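# Observations on chain architecture
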Amino acid sequence: MAMDYIVDKLGGRIAFGGDYNPEQWPEEVWKHDVALMKEAGVNLVSVGIFSWALLEPEEGRYEFGWLDRVLELLHANGISVDLANASASPPPWFSRKYPDSLPVDADGVRQSYGSRQAFAACSPDYRRAAAALTTAIVQRYAEHPAVVMWHVHNEYGCHNQPDFGPHAERGFQKWLQDRYGSLDALNKAWGTAFWSQHYYDWAEILPPRRSGTWVNPTQQLDFARFSSDALLECFKAEADVIRAHSEHPVTTNFMGFNMGLNAPVDYWRWSGHMDVVSNDHYLIAADERNFQELAMTADLTRGWAQGKPWLLMEHSTSAVNWQPRNVAKVPGEMLRNSLQHVARGSDGALFFQWRASRAGAEKYHSGLVPHAGRDSKVWREVVQLGRVLESISEVAGSTVQAEACIIHDTDARWGTELDSHPSEDARNVPETRRWHDALYRAGITTDIRQSTDDLSGYKLVIAPMLYLVTDEGAAKLHKYVEAGGTLVITYFSGIVDENDHIRMDPVNGGGYPGAFSELLGVSMEEFFPLRSGDTVGLSQFGSGTLWSELGKATDAEVLATFDGGAGRSGVGGSPAVTRRAGASGRGAAYYVATSLGRTGLAELVQLLCSDAGVEPVLGVAPPEDVEIVRRSNGTKDWTFVINHSAHDVDVPLDGVELLSGAPTGGTLILTAGGVAVVATPA
Ligand code: GLA
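Residues numbered from 1 in each chain as written. Predicted model: local features only at pLDDT ≥ 70, side-chain atom pairs only at ≥ 80, totals over all residues. Heavy atoms only, no water.

### As for the overall build of the protein
Regarding its fold elements, the protein presents 18 helices and 29 strands. Overall, the protein is about 75 × 75 × 40 Å in size when its C-alpha atoms are taken along their principal axes. Put simply, the protein has 682 residues, and 60% of those count as buried. Taking as baseline every contact in the protein between residues at least 6 positions apart, the subset at least 24 positions apart corresponds to 72%. Here the protein holds 57 positive side-chain charges and 86 negative ones, and the gap between their average locations is 3 Å. (Helix = DSSP H or I, 4+ residues; strand = E, 2+ residues; numbered from the N terminus. Buried < 20%, exposed > 50% of the residue type's maximum accessible area, 1.4 Å probe, protein only. Contact = heavy atoms within 4.5 Å. Lys, Arg positive; Asp, Glu negative; His and termini not counted. Charge placed at Lys NZ, Arg CZ, Asp CG, Glu CD.)

Here you go:
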């Protein structure tokens, strides 16, 4: 059961709608809401996400009257509901009654209620109350004809993560006992011989609270893993209650790349527990290439969904309220964003939120119905989007095929966010983004998966800063090359094992990157991170930033070396880019020992694609800032062409353009900022 169940319930249409919070409005507004929903073609709304306080005014006493009326009204008007179990924000009465359910920060300060998500994941009172509320809701509405999906909680980990309080302390100790079995194993894994940290009793072990200086890195990493698992337990407990009463798919909305070490939720571990993988995405207004970041996030979400269709649960019609400068979307931008998500596998375009609030912290966040009402740019574009989605309904259920794949392991990412490293600039997500952007510019559709996934279908696999790699992940990548694949490993990859211990032979040492040195045919001996803003010249591929290394190629062709650079570089002559041919005569393992600039990276990506036989969707690179992605169901293809540029473009593409219903006649002519979806036989 997955996204196709929802599409089926929606009459074969792509999901369109958003969070609907009718409790924020007088009841007489509701009938106008549904009339507007019908005008726009809205077919799915998420209801009740932050309604706990109104649904349960005191412990065990429920007031469902208003929700009954809302669901009836929606059903009567043919609008389906993704019903929340409302566990995301405990009410003030709850926090006051159970003050130790509130989360505690790393300084030991207990947070207050008054915003949202004020609970500690391991609080037994929170878990009991959330389960009781879930039971009451699902028992009442499991058979309600409006309901087609269950929305558990909301963005787990947003705003209350991680918790360092006493419940987390006990939970962490238990989690560690399960993971390590003995204190001896834990002491080894954590390297506690260093700085006199040896533990003699499980009760001595704490969450990584504020200490004089760097807290044990393995402790930090394990705490992130534990914190993610603690929230996952909350999800599973609530989902189990729902599944015991209902057949509808269960989801919780993920937050794209917002799952770093400071708010750790490992979606790779979570996604298998979802019936539908759903994600929220918001553009960062200050980011000039935010549309490419959107594409990367959508590709990652498709990875969590194992390539199957997923659901865009939230994005915004225009500005948000939580950035320093909340820049509104320009005309056409919301349509482009929505189609980008659909192009990359979402079978829906949902938003936060239906009606822009009048009160509360998010009143300056855009909605489908803006403060200005119907006579507005936003509303006209919402209606237009409804029509567009209707016109491309046949795309639902189809999938995206990619020949290239980027590896993005959560532990590797978290590992690079630990303190006390060679350079604070060496972070996984920015490096991943540079590679995704280079592929995006070249028109290459890219999946994002983890190292332990089946990679055999890809011609090109890129592992940007796979700092921490498990034995299993390293073995998979070795096998991938042995089987004829083309693999790229970048600097600061394969450095540590799952315990964040350097991969090396304790007696004889051994060159970096320990997990891949042999596979790559290189042996690097010393990191030379660059000063902020510095670059290092290369004999090929322009220059590098952030990082350089001293070392040698032991069994690889050197494609570029580092320059000596006016006495400031200690790495002159060391290999910067290398290639070791695959043993079978097919495939290759490349190493890139620096962060390449845009032009050099583009040059290298061209080389990699021709070496691996990877091609852009239309065989040639698209015009600049024109995104071309294809979905297919095996018999029919749909090519999405999204013009982010300020220029009209011609694209050689023959088929029927679904938005206009007109054949392209061999060439698609797309205006600046325009979008098109062209159907062709597969
Ligand atoms: C998140 C939340 C929503 C809302 C939006 C605002 O995605 O899930 O409730 O706060 O952010 O952008």
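### Structural notes on the sheet that holds strand 6 (residues 253–254)
Spatially, 5-4-3-2-1-9-8-7-6 is the arrangement adopted by the nine strands of the open sheet, whose pairing is parallel. Across the chains shown, the open sheet's two edge strands, defined by having one partner strand only, are strand 5 (250–251) and strand 6. Across two bridges, the pairing between strand 8 (residues 310–314) and strand 9 (residues 346–351) is parallel. Counterpart to Leu312 in the pairing with strand 9 is Ala349. Contacts between helix 13 (residues 377–391) and the sheet are confined to strand 1 (15–20) and strand 9, with strand 1 contributing the most and set at about 140° to the helix. (Pairing = 2+ DSSP bridges. Axes fitted to C-alpha atoms, helices over the stretch in contact; angles between N-to-C directions.)

### Some points on the packing of helix 6 (residues 124–141) against helix 9 (residues 217–245)
Remark: helix 6 packs on helix 9, axes separated minimally by 9 Å, with the N-to-C direction vectors making an angle of 25°. Classed by the angle they form, the pair helix 6 and helix 9 counts as roughly parallel. Where helix 6 crosses over helix 9, the two elements pack in a sense that is right-handed. Listed contacts from helix 9 to Tyr126, Arg127, Ala130, Ala131, Thr134, Thr135, Val138 and Gln139 of helix 6 are Ala230, Glu233, Cys234, Glu238, Val241, Ile242 and His245. Along the lines of polarity and charge, the residues of the contact of helix 6 with helix 9 split into eight nonpolar, four polar and three charged. (Parallel < 35°, antiparallel > 145°, perpendicular 65-115°, else oblique. Left-handed = near helix turned anticlockwise from the far one by under 90°. Nonpolar A, V, L, I, M, F, W, Y, C, P; charged D, E, K, R; others polar.)

### Regarding the pairing of strand 8
Taken across its five residues, strand 8 has five buried, putting it largely inside the fold. Bridge count for strand 7 (residues 278–280) against strand 8 is three bridges, and the pairing is parallel. Directly across from Asp280, in strand 8, lies its bridge partner Glu314. Read as a crossover between parallel neighbours, the route from strand 7 over helix 11 (residues 290–304) to strand 8 is right-handed. The parallel pair strand 8 and strand 9 is bridged by helix 12 (residues 333–343), and the resulting crossover is right-handed. (Right-handed = clockwise from strand over helix to strand, strands pointing away.)

### A look at helix 6
Every α-helix winds through 3.6 residues per turn, so residues three or four apart in the chain are directed the same way. Taking 1.5 Å of rise per residue, 18 residues should cover 26 Å, and helix 6 covers 26 Å from first to last C-alpha, within 8% of that figure. The secondary structure elements touched by the buried residues of helix 6 are helix 3 (52–55), helix 4 (65–76), strand 3 (80–84), helix 5 (92–97), strand 4 (147–151) and helix 9. (Expected span 1.5 Å × (residues − 1).)

### Observations regarding the domain arrangement of the protein
The assigned domain composition of the protein is domain 1 (3–164 + 249–394), domain 2 (404–612) and domain 3 (626–681). Placing a centre on the C-alpha atoms of domain 2 and another on those of domain 3 gives a separation of 35 Å. (Domains from an automatic or database assignment.)

### What to know about unusual backbone geometry
The omega torsion across Phe352 and Gln353 is -10°, close enough to zero to call that bond cis. Take Gln353: it is sitting in the loop between strand 9 and helix 13. Phi is positive for Glu155, close to 40°, though the residue is something other than glycine. For Glu155, the position within the fold is in the loop between strand 4 and helix 7 (166–180). A positive phi is found at Met465, a non-glycine position, where the angle reads about 45°. Looking at where Met465 falls in the secondary structure, it is placed in the loop between strand 13 (460–463) and helix 16 (471–482).

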